[in-house]
Structure formats: structure tokens, C-alpha cells
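A closer look at the structure
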Amino acid sequence: MANDTTSSTTPTAPQAKSVSIWWFAFGYFAAYVPYTTLVKAATNGLFDGIPALSGIRILPLSVFASVVGMYTFLGAMRWFKHASWYTVAGLRLPGPSKWTFFSGLCTAAIVATTTLAYTFEGVSIVFVMLLMRGGVLVMAPLVDTLSGRKTRWFSWAGLVLSMAALVVAFAEKGGTAITFACALDVGVYIASYFVRLRLMTQLAKSDTDGDANRRYFVEEQLVATPAVFLLLAVCALIGGPDGSVLGEVRAGFVDIWSNAAWPWIVVVGLCSQFTGVFGGLILLDKSENTFSVPVNRSSSIIAGVVSSAVLTYAFGLAAPSTAKLMGAGLIIVAILFLSIPPLVEKKKAEAKAT
């Protein structure tokens, strides 16, 4: 295998005007609401006359739908040209560098753990959302510090508010009730995000290389969901007894079609992919992580609350507790601290430039 070029395009001046990060945030929100709602509905048997599916059993079909959605999106946008290109058996194919490959594996872990996180019995969407989203939000100033980026006062204010949100979420009666599997899932999610943000900050948040951002995005996408699907296929081939993890994975390939919810699982996979697309574009914004991460988190937090409301009114599930809603509210306040000051500074800088 030979590397023909780091990219099929050469940066040219001037670059096209970038899309506002807030449009990506809206896309993330719009994909996340149906994604979380349908996962919860399918795994809790909320569709009339349709048996519940385990979180593991829905992964093969949902991830396959994500892979198809990813290639369709990159092809429709004509973004394959931004990737590195390699010659394999006489064919020129797009592919990742070693670092985007590693980042893609981290993204693969995020894809799998995110889907599973909303399937644990007895743990609400808002509670898991606070752990996962709050954890990444707290991490953002740390990543900036390790990367040598300036961390401003409002970042630390957001950090304190985020920690307060987690304390509130755990403070209610029964708030510490969490299974080992769920805790492990959240831990892998946060660790994967830490590595991914570090790599993004070092390799893609560039003010000089106009193509670095898009190249990183495409190469990471080429690895993430295909890696998850390959792992699931290997697990299915190994197999296991009915009810075991490996048995559930195999059933996800073989028996999923007998469940009438399978079209909804396809939608789950497509929505999951678009949360990955818009979420990745938000995180790759050239601003510091203390700005881009809160924008990303705010979209998912609001989507999680909206999803919980849909489940309450459409399927009769219990509404989120007051403590969990308070925790979500504190994170939103943290997001305001982290997001508004940078916007004010940007406006002041633009005014001085004119």
C-alpha cells in the first residue's frame, strides 16, 4: 500500500466562508431527538405489539445503517477528495493517516457506548446525559490547558457549574443507583472523547491549513462506524448462548428482521450517523474547546430533555425528576457562561477591525 498524497486538494486562497457553528448545533439537535427517543422506545417495548429489543441486539443493524449513511453523505457532499489517498492493489482509495485512524477508533467507541447508554434499565436519559455530557464539558478546559491554549475565566466558571450539576444529579434519593455496566460504558465514552479532543486540537484546529479541518473529519468518518460494524461482525461469528452478549450480537444480525421494529432501528442508525456528522463538525471548529465543546453539549442536553418529554407524553413514561432537570438547567447555565463571552469578544474584535 502506497500513500499517493496527503490530500487530493491543495489549499487555495481564498477559502469559502465557513458555515456557522450554530447551524451545525441545530443539525445535531434535530438528529439527536429522534435518535434517543427511538432507542428508548425500541429497547423498552414502547411500540404497540412489538417486543422490546436489547441495546446490544439493535447495534448491528443501526451501525450498518450508519455506515451506509456515512458513505452516502460524504459522496453527496463530494468530500472524499479531502482525504488522504492510497494505492491498494492498483486502486486509488481514500483512507486515514495513523492519527485519524486512532481518532476514528475513539469515535467508534463513542458510537457504541452512546447507543448502549440509553438502554440501561432504571437509568433515565437525563441522568446518563448529565454524566456523559457533563463529563466532556468539564474536560474541555483541561484539554485546552494541555494543548497550550488559553483558558479564560468563564471556562472555569463553566467547570464549577458543570460539577455542581453532577452533584445535584447524584444528590437525590436513589441518584447513585447505577449499574457497573452503565458506569463502565460512561467511562469508556469519556476516555474516548478525551483522546479524540486532544488529537483534534493538535491536528485539525488550524488557522493556517485550510484543508486540515475537512481532511481530519473525512478520514475519521472513514474509520469510525466501519470499525464498529467489523467488531460486531467478529463477535457474531464467535457467537454465544442465547441471552449472552455475543448471543445478542449474533441475534442482531440474524433475528432482527423478525421484530417489526427493524425499520425504526434503521432510522436510529441514520440519526446516529448525523449526530456524528454534526457533532464532529462542531468539535472541529477552529475556536478553543471551551467554546466548541459547550456548543456541542448544549445541543445534546436540550435534545435529551425534549426526548424525555416526547417519551412522557407519547408513551406515558415517568417525567424526569426535579433534581435531574435542575442538573440539566445548571449545565445550560454553564453553557451560557462558556458561550456568550467568546461571542462578545468576537464582536468587539470585529468592531475594532472596522
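Residues numbered from 1 in each chain as written. Predicted model: local features only at pLDDT ≥ 70, side-chain atom pairs only at ≥ 80, totals over all residues. Heavy atoms only, no water.

1. Here we look at the overall build of the protein chain
Looking only at helices and strands, the protein chain has 11 helices and 3 strands in total. Taken from the N to the C terminus, the helices and strands of the protein chain come in the order β-α-α-β-β-α-α-α-α-α-α-α-α-α. Within the protein chain, buried positions represent 51% of all 354 residues. Considering only residue pairs separated by 6 or more positions, the protein chain has 82% of its internal contacts joining residues 24 or more positions apart. (Helix = DSSP H or I, 4+ residues; strand = E, 2+ residues; numbered from the N terminus. Buried < 20%, exposed > 50% of the residue type's maximum accessible area, 1.4 Å probe, protein only. Contact = heavy atoms within 4.5 Å.)

2. Remarks on the side chain of T225
Residue position: T225 is located in helix α7 (residues 212-238). We classify T225 as buried; its relative accessible area is 4%. Setting aside residues up to four positions removed in sequence, T225 forms contacts with V63, S66, V67, M70, V111 and Q273.

3. What about the confidence of the model for the protein chain?
When pLDDT is averaged across the protein chain, the result is 84; 90% of the residues are at 70 or more. Ranking the helices and strands of the protein chain by mean pLDDT puts helix α2 (residues 55-77) first, with 94, and strand β1 (residues 2-5) last, with 55. Note on residues 6-16: pLDDT under 50 across the span, and 20 contacts to partners over four residues away in sequence or across chains. (pLDDT = per-residue confidence, 0-100.)

4. Comments concerning the nonpolar core
Counting 72 residues, the largest nonpolar core has L74, Y193, L197 and F217 as the members making the most contacts within it. With residues up to four places along the chain from it excluded, the contact list for Y193 reads I110, V136, M139, L283, N296 and R297. One finds V67, A108, L232 and V249 within the second-largest nonpolar core, a separate group that totals 10 residues. (Core = buried A, V, L, I, M, F, W, Y, C linked by side-chain atoms within 4.5 Å.)

5. Some details on helix α10 (residues 289-315)
Across its 27 residues, α10 extends 37 Å between first and last C-alpha, which sits within 8% of the 39 Å expected from 1.5 Å per residue. Burial analysis of α10 places 19 of its 27 residues in the buried class, which makes it a mostly covered element. Note on α10: the residue one or two positions beyond its end, G316, has a positive phi of about 80°. (Expected span 1.5 Å × (residues − 1).)

6. Here we look at a nonpolar patch on the surface
Residues I302, V306, V310, I332, L336, I340 and V344 make up a contiguous nonpolar surface patch of roughly 490 Å² in combined accessible area. At the level of secondary structure, the elements contributing two or more residues to the nonpolar patch comprise α10 and α11 (322-353). With 4 residues, the single largest contributor to the nonpolar patch is α11. Its place among the elements puts I332 in helix α11. Look at I332 and you get partly exposed, because its relative accessible area is 32%. (Patch = residues over 30% accessible without salt bridge, like charges linked within 9 Å, V, L, I, M, F, W, Y side chains within 5 Å. Areas by Shrake-Rupley, 256 points an atom, 1.4 Å probe, with all protein chains shown as cover. Salt bridge = Lys/Arg side-chain N within 4 Å of Asp/Glu carboxyl O.)

7. Examining the pairing of strand β2 (residues 84-88)
On a regular strand, each side chain points to the face opposite its neighbour's, so the side chains alternate between the two faces of the sheet. As paired strands, β2 and strand β3 (residues 91-95) are joined by 5 bridges and run antiparallel to one another. Residue S84 lies in a different strand from β3, and its bridge partner there is G95. Here β2 hands over to β3 after 2 residues, with A89 in that stretch at a positive phi of 50°. (Pairing = 2+ DSSP bridges.)

8. Some points on the packing of helix α9 (residues 262-283) against α10
Here α9 crosses α10 at 155°, and the two axes come no closer than 8 Å. By the angle between their directions, the pair α9 and α10 is classed as roughly antiparallel. Residues G279, I282 and L283 of α9 pack against S292, V293, V295 and N296 of α10. In terms of residue class, the contact of α9 with α10 is built from 4 nonpolar, 3 polar and no charged. (Axes fitted to C-alpha atoms, helices over the stretch in contact; angles between N-to-C directions. Parallel < 35°, antiparallel > 145°, perpendicular 65-115°, else oblique. Nonpolar A, V, L, I, M, F, W, Y, C, P; charged D, E, K, R; others polar.)

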